[in-house]
Amino acid sequence: MSYLNNRTLTLNILQTDTRAVANYYAAALQLCFHQLPSSYSLTRTVHAHMITSGFNPRGHILNRLMDIYCKSSNLYYALHLFDNIPQPDVVARTTLITAHSAAGNIKIAKEIFDRTPLSMRDTVCYNAMITAFSHNCDGNAAMEVFREMKLLGFVPDDFTFTSVLSALALIADRETHCQQLHCVVVKSGTGFVTSVVNALISVYVKCASSPLVLSSSLMSAARRLFDEMPVRDELSWTTIITGYVRNDDLDGARQVFDGMDVKLVVAWNSIISGYVHKGFVNEALRMFREMHLLGIKQDEFTYTSVFSACSDGGFFSLGKQLHAYIIRTEICPSKDFLISVNNSLISFYSKCGMVNDAKKIFDKMEVRDLVSGNAVLSAYVNTGRIDEARSFFSNMSERNLLTWTVMISGFSQNGYGEEGIKLFNQMRSDGVGPCDYAYAGAITSCSVLAALEHGRQLHAQLIHSGFDSSLSASNALITMYARCSVIEDAYRVFHTMSCVDSVSWNAMIAALGQHGKGAQALELFNQMLKEEILPDRITFLTILSACSHAGLVREGSHYFDSMYNLYGIMPGEDHYARLIDLLCRAAMFSEAKDVIDKMPFEPGAPIWEALLSGCRLHGNIDLGVEAAERLFDLVPQHDGTYVLLANMYATAGRWDEMAKVRKLMRDRGVKKEPGCSWIEVENGVHVFLVNDIEHPEVQGVYEYLKELVPKMKKLGYVPDTKFALHDTESEQQESNLSTHSEKLAVVFGLLKLPVGATVRVFKNLRICGDCHNAFKFMSMVVGREIVVRDGKRFHHFKEGECSCGNYW
């Protein structure tokens, strides 16, 4: 500020010449415009000098002061200065509207605009307000200001139409929206202005992605505008190419691209990104090589797309080579370049299964952003490394909604339902409003825990929040209600969804199959085909399971064969396992063995487990022993193999062989997973174990069970003692059966739930045969429906029958 110090004496002499003083301060403020980092402090010094000298600045000086304060992001001083001006002019008002809009303070911008008298407003002022709403993604408000402007007789200019078209692009979802404003542009005479036409093309291409319009029609209109432009700039080319890409017309994008005289980097990036998005990774990489050979400098957007292509196509070596190339050639990369490329590298290495390498890149980053942390967190979650994800999440200094959602979904998808719900509640306590994906994660957590009432509360919150039309949340609700045994509510959600996808159909088909409604599952599958929704490999897993649970051998075999013959989907081991299970449940062991012998790969554990389970069901000991021996080699620590084989020997009365299996189990240190059952009563979950003596009300349960058993026996119930220990007396065997965890949980529900309410119990293992029989008679005695979800499926007991038809 030596300029001011050296001129102080001159200023004193000129005090009587107001015009000279004003010119002097205007010149000083003009200098401040060029002092970018220090303009704020210089401006304050000049401002202070005015005050101490007694100079009373007029409009143009005040406007220049406010302009500098706004450009240096000191809106507080600018607004304070504005509030102390008796009659601020339209320039001052427009300056503040623009500044507060840029800072995201749209409320203050609107207040300033509303306080501006109509007599003072002009087109520039209206442009500023329209732009403010447009930049803050409120297209409807921007359009309302434009309508007001027209009604009051203000004449729009080029900038008006550019801004209002940008706003329309945010909300246009019908062809008439585009056409109406297009007509206004033509009538105004601005239809030849490049910036206006670019904005109009953008409206057409964005509206083309709406499900309410025919995209090809709007893209044709956009293309005609582009072809008729007298002058095109870079934005013209990139807008039309990007429009084709976003509307999945890569041929149209490529046609325009090939017609460019000078191909811009943005155009190359758009084409490469489009190929990656559509799964044409080889073509994307070919374009990248061509770009490189032509000597066109790649930027961070190029590399981001190419790393995605490498991970999607499984080209790990190529991705590593590109990583090395960037390190070697990028000498002084910008901050934005480093953050963007490193973030894409984290995603590339994590998608290729190299999570530790992804974490190393993160640790070495000198500059990170929230995307960096979220990428590492997603890598841990997607690979099931939940403990590391939990630790990383706890140490993150910054979190956003995506961070919380990834962690909640990670807990729910990996079986940590209780932690998922707790984290969801913590997120809300911290003031972070959940999105539909966060709700979907929390609802999935309720599925894991079978927490029906909590799931219903989340459903109500979902509706209250306006996310009830969300596809992901609705799909989660279908699964939640199905896994909580309320199949009717799952069906209701499915039928009221505004739109469905293959995940929705798969979830509903799976739900019907698990609940023993095989015929309805097949009917829904055929309806899916009629609506021209192609089944995927998950669809066939669900339909094969439904056929297996319902004993529909012919139908299941037909659908298995149609996988490849009709839809070109190669069956995986999981599909073969379900086919084997289907055949074995029907005692078709020779057919099952024939399928195993003809499999295009070596059978793994799922195949032999399905075979062993069928042999256990029908007492085929010889084939069961063969399956068990294969499993001992493949998964020697899996307790289920030993338990099934021992039970098979016990059923056949071959106690010596059973004892040998138990000894083998002990010698190998394999421990049987303890059976437990749980039930939700009065917003609390009650867990019961075999021979439970810990539950505070278990004695009352035992007493009520003693009352029920004689009544059940009168109706024909006979305890099946082959499910009890063989080396005890008959009376003791019956007593042992009464201590099974599922019986205790069901009886507790009968005691605690309102009269007539359905009893819903969940068990971690397969339901015991005697318990299955007992619940049929118990449902007759108490006149209530009893639903048990075991490790395989649902059983609905009502009036002495089970939904599985004893085919389980």
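A quick note: this is a predicted structure, and the numbers were derived from the prediction, not measured.

Engineer: How do you make sense of the packing of aromatic side chains when you look at a structure like this?
Structural biologist: Centre-to-centre distance and the angle between the planes together describe a pair of aromatic rings. If you walk through the whole model with that rule in mind, you get 29 aromatic pairs. Centroid distance Phe525 to Phe540: 6.1 Å. Interplanar angle 65°. Geometry classified as edge-to-face. Separated by 15 residues along the polypeptide, Phe525 in helix α32 (residues 518–530) and Phe540 in helix α33 (residues 537–550) bring together distant segments of the chain. Take Phe525: its relative accessible area is 1%, and that puts it in the buried class. Here the guanidinium or amino end of Arg390 rests over the ring plane of Tyr416, the centre of that ring lying 5.8 Å away. Across the ring face of Phe393, the terminal group of Arg399 is positioned such that the distance to the ring centre comes to 4.1 Å.

Engineer: What is the right way to read helix α14 (residues 215–228) from this model?
Structural biologist: Each α-helix turn comprises 3.6 residues. Residues three or four places apart therefore point the same way. With 14 residues, α14 extends 20 Å from end C-alpha to end C-alpha; this agrees with the ideal 20 Å at 1.5 Å per step. Of the residues making up α14, those classed as buried are Leu218, Met219, Ala221, Ala222, Arg223, Leu225 and Phe226. Next to the buried residues of α14 lie α12 (175–188), α13 (194–207), α15 (234–246) and α16 (250–258).

Engineer: I would appreciate a short explanation of the packing of helix α21 (residues 335–351) against helix α23 (residues 370–382) in the present structure.
Structural biologist: The angle between the axes and the distance between the axes are what describe a pair of packed helices. Closest axis-to-axis distance for the α21/α23 pair is 9 Å, and the angle between their directions is 5°. Relative to α23, the element α21 is oriented roughly parallel. Contact residues: α21 offers Asn343, Ile346, Ser347 and Ser350, while α23 offers Val371, Ser372, Ala375, Val376 and Ala379. Its residues assigned to classes, the contact of α21 with α23 shows five nonpolar, four polar and no charged.

Engineer: Looking at this structure, I do not really get the nonpolar core. What am I missing?
Structural biologist: Nonpolar side chains in soluble globular proteins tend to end up buried together. Ranked by size, the top nonpolar core spans 210 residues in total, and within it Leu165, Ile201, Ile240, Ile241, Met508, Ile580 and Leu611 carry the most contacts. The residues touching Leu611, leaving out its near neighbours within four places in the chain, are Ile580, Cys584, Phe589, Ile596, Leu623 and Ala627. In this structure, Val701, Leu705, Cys768 and Val788 belong to the second largest nonpolar core, which totals 31 residues.

Engineer: Whenever I open this one, the UniProt feature "repeat: PPR" (unreviewed entry) in the chain confuses me. Can you help?
Structural biologist: The UniProt entry lists residues 122–156, 233–263, 264–298, 369–399, 400–434, 501–535 and 638–672 under the feature "repeat: PPR" (unreviewed entry), expressed in the numbering used here. Helix makes up 71% of residues 233–263 and strand 0%, and the two end C-alpha atoms of the span are 12 Å apart. In residues 638–672, the share of helix is 74% and the share of strand is 0%. The end C-alpha atoms are 9 Å apart.

Engineer: Even after reading the chapter, I still don't get a nonpolar patch on the surface, so can you show me in this structure?
Structural biologist: Residues Leu118, Leu151 and Leu152 make up a contiguous nonpolar surface patch of about 330 Å² in total accessible area. Overall, Leu118 belongs to the partly exposed group, its relative accessible area being 47%.

Engineer: Any chance you could explain unusual backbone geometry here in plain terms?
Structural biologist: Across residues other than glycine, the phi torsion is negative in most instances, and most of the peptide bonds are trans. Although it is not a glycine, Ala587 adopts a positive phi angle of roughly 60°. Given the relative accessible area of 38%, Ala587 is considered partly exposed. Of note in this structure, Asn691 is not a glycine but carries a positive phi near 55°. Position of Asn691 among the secondary structure elements: in the loop between β2 (684–689) and α41 (698–714).

Engineer: Please explain the sheet that holds β2 as it appears in this structure.
Structural biologist: What holds strands together in a sheet is hydrogen bonding between their backbones, with the strands either parallel or antiparallel. Read from one edge of the open sheet, six strands run β2-β1-β3-β4-β5-β6, paired in mixed fashion. The sheet terminates laterally at β2 and β6 (801–802), the two strands that pair on one side only. As defined by bridge partners, strand β5 (residues 794–798) adjoins β6 across two bridges and the pair is classed as antiparallel. Opposite Phe797, over in β6, you have Cys802 as the bridge partner. Packing against the sheet, helix α44 (residues 769–782) makes contact with β4 (786–789), β5 and β6, and its axis sits at approximately 35° to β5.

Engineer: Help me understand helix α10 (residues 139–151) in this model?
Structural biologist: The end-to-end C-alpha distance of α10, which contains 13 residues, comes to 19 Å, matching closely the 18 Å that a straight helix rising 1.5 Å per residue would cover. Buried residues of α10: Gly139, Ala141, Ala142, Met143, Val145, Phe146 and Met149, and no others. Each element contacted by the buried residues of α10 is listed here: α8 (106–114), α9 (123–135), α11 (158–171) and α12. At the exit of α10 stands Gly153, carrying a positive phi of roughly 90°.

Here is what the cut-offs are and how they apply
- Residues numbered from 1 in each chain as written.
- Predicted model: local features only at pLDDT ≥ 70, side-chain atom pairs only at ≥ 80, totals over all residues.
- Heavy atoms only, no water.
- Phe/Tyr/Trp six-rings, centres within 6.5 Å; stacked < 30°, edge-to-face > 60°.
- Helix = DSSP H or I, 4+ residues; strand = E, 2+ residues; numbered from the N terminus.
- Buried < 20%, exposed > 50% of the residue type's maximum accessible area, 1.4 Å probe, protein only.
- Lys NZ or Arg CZ within 6 Å of the ring centre and 35° of its normal.
- Expected span 1.5 Å × (residues − 1).
- Contact = heavy atoms within 4.5 Å.
- Axes fitted to C-alpha atoms, helices over the stretch in contact; angles between N-to-C directions.
- Parallel < 35°, antiparallel > 145°, perpendicular 65-115°, else oblique.
- Nonpolar A, V, L, I, M, F, W, Y, C, P; charged D, E, K, R; others polar.
- Core = buried A, V, L, I, M, F, W, Y, C linked by side-chain atoms within 4.5 Å.
- UniProt positions renumbered as here; feature names shortened; annotations may be inferred.
- Patch = residues over 30% accessible without salt bridge, like charges linked within 9 Å, V, L, I, M, F, W, Y side chains within 5 Å.
- Areas by Shrake-Rupley, 256 points an atom, 1.4 Å probe, with all protein chains shown as cover.
- Salt bridge = Lys/Arg side-chain N within 4 Å of Asp/Glu carboxyl O.
- Pairing = 2+ DSSP bridges.

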